[in-house]
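Coordinates in review
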Amino acid sequence: MTRSFHRFLAPVATATLAAFCLLTAPAHAGASIVPGNMAKAECNTGESDLLASLSARPSSSRLTAPADAAHDFVRFSGASKNLSLLLLHDVKNDTYVRVAIKRYGFAHVQDTVVRAIKKAQASYGTRWSDMLASIYDERFEDSELKSILREKESSPHFIKLLSEQDNIATDVREKGEAILASARAQVMETLSSDLKI
């Protein structure tokens with residue numbers, strides 16, 4: 001994929017993330033929609049490092065979802081990482097985490113949060129990716145998704161992807177709420193076990 005296509009896909013994924021955060025947990029979202037529906041993540045340097053460590057996956061890590069166009073799109077667009085990003089945006093401002101940082105220091109808490117979120121991603125990531133794939137499958141033909149992946153911005157269906165962003169964000173919010181809640185509960189259980197306060 002071209003760099004410009006990656007630059008496009010990142011805001012698409014982040015816009016979905018930000019829309020979800022703003023509508024479900026505005027006090028803890030850490031993201032806002034700015035003019036033009038582009039998302040702006042509000043992170044300090046430490047939070048950016050945490051975000052980067054969550055986004056990094058070993059090259060051997062591959063989703064085991066069926067090889068259909070919707071799953072391929074979710075996989076190659078990076079949308080499957082949205083669960084980790086949502087958890088990070090929610091958990092980073094949790095009172096428990098703030099108190100833990102005062103007690104254990106930012107670096108130790110950061111490592112613990114990353115491990116907890118990666119564990120939740122491992123537990124719920126497949127369900128999350130399947131949910132995302134079902135949304136893309138409902139809104140796009142296989143040929144449209146394949147075209148977008150193959151032709152990137154030159155695809156005649158690229159404009160449809162742009163026009164569907166708000167609808168996709170709404171679908172993710174509605175269909176992903178239970179998965180996110182379960183994953184967050186697991187993260188907080190891990191943190192309360194590993195970071196006694």
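Residues numbered from 1 in each chain as written. Predicted model: local features only at pLDDT ≥ 70, side-chain atom pairs only at ≥ 80, totals over all residues. Heavy atoms only, no water.

1. Remarks on the nonpolar core
Counting 39 residues, the largest nonpolar core has L87, W128, Y136, V187 and L191 as its most contacted members. Once you skip the residues sitting within four places of it in the chain, L87 turns out to touch I117, A120, L180, A183, R184 and V187. (Core = buried A, V, L, I, M, F, W, Y, C linked by side-chain atoms within 4.5 Å. Buried < 20%, exposed > 50% of the residue type's maximum accessible area, 1.4 Å probe, protein only. Contact = heavy atoms within 4.5 Å.)

2. As for the packing of aromatic side chains
For the structure on display, the rule yields two aromatic pairs. The rings of F73, Y136 and F140 are connected pair by pair, giving a single aromatic cluster. Here the guanidinium or amino end of R75 rests over the ring plane of F76, the centre of that ring lying 5.9 Å away. (Phe/Tyr/Trp six-rings, centres within 6.5 Å; stacked < 30°, edge-to-face > 60°. Lys NZ or Arg CZ within 6 Å of the ring centre and 35° of its normal.)

3. Observations concerning a nonpolar patch on the surface
Among the surface-exposed residues, V99, Y104 and I197 lie close enough to one another that they form a single nonpolar patch of about 230 Å² accessible area. Summarising the element assignment, I197 is placed in the segment after helix 9 (165-194). (Patch = residues over 30% accessible without salt bridge, like charges linked within 9 Å, V, L, I, M, F, W, Y side chains within 5 Å. Areas by Shrake-Rupley, 256 points an atom, 1.4 Å probe, with all protein chains shown as cover. Salt bridge = Lys/Arg side-chain N within 4 Å of Asp/Glu carboxyl O. Helix = DSSP H or I, 4+ residues; strand = E, 2+ residues; numbered from the N terminus.)

4. Thoughts on the packing of helix 6 (residues 106-139) against helix 9
Helix 9 packs onto helix 6 with a crossing angle of 165° between their chain directions and a minimal axis gap of 9 Å. Relative to helix 9, helix 6 is oriented roughly antiparallel. Handedness of the crossing formed by helix 6 with helix 9: right-handed. (Axes fitted to C-alpha atoms, helices over the stretch in contact; angles between N-to-C directions. Parallel < 35°, antiparallel > 145°, perpendicular 65-115°, else oblique. Left-handed = near helix turned anticlockwise from the far one by under 90°.)

5. Examining the confidence of the model for the chain
For the chain, the mean per-residue pLDDT works out to 76, and 66% of the residues sit at or above 70. Taken as a whole, residues 4-8 scores under 50 in pLDDT and shows nine contacts with residues more than four places along the chain or in a different chain. Low pLDDT (under 50) marks residues 14-66, which in the prediction has 95 contacts with non-local residues, meaning those over four places away or in another chain. (pLDDT = per-residue confidence, 0-100.)

6. Examining unusual backbone geometry
With the exception of glycine, most residues fall at negative phi, and the peptide bonds are largely trans. Phi at K152 takes a positive value of approximately 55°, unusual for a residue other than glycine. A relative accessible area of 16% places K152 in the buried class.

7. A closer look at the pattern of salt bridges
Inspection of every chain in the model, using the stated rule, returns eight salt bridges. Across the salt bridge formed by K160 and E144, the nearest N and O atoms sit 2.9 Å from each other. Here the residue K160 occupies a position in helix 8 (residues 158-163), and E144 occupies one in helix 7 (residues 142-151), the gap between them amounting to 16 residues. Taking relative accessible area as the criterion, K160 reaches 25% and is therefore assigned partly exposed. Using a relative accessible area of 12% as the deciding quantity, one classes E144 as buried. Members of the salt-bridge network, linked through shared partners, are D90, D94 and R184.

8. Some points on the environment of R115
With respect to the element layout, R115 can be found in helix 6. On the basis of relative accessibility, which here comes to 49%, the residue R115 falls in the partly exposed class. Separated by 75 residues in the primary sequence, R115 and T190 have C-alpha atoms spaced 8.9 Å apart.

9. A look at the packing of helix 3 (residues 69-77) against helix 7
Each packed pair of helices is defined by two parameters, the angle between the axes and the distance between the axes. Axis separation between helix 3 and helix 7 bottoms out at 9 Å; the angle between their running directions is 30°. Taken together, helix 3 and helix 7 sit at an angle that is classed as roughly parallel. Where helix 3 crosses over helix 7, the two elements pack in a sense that is left-handed. Where helix 3 approaches helix 7, its residues A69, A70, D72, F73 and F76 are matched on the opposing element by D142, L145, K146, I148 and L149. For the contact of helix 3 with helix 7, a count of residues per class yields seven nonpolar, no polar and three charged. (Nonpolar A, V, L, I, M, F, W, Y, C, P; charged D, E, K, R; others polar.)

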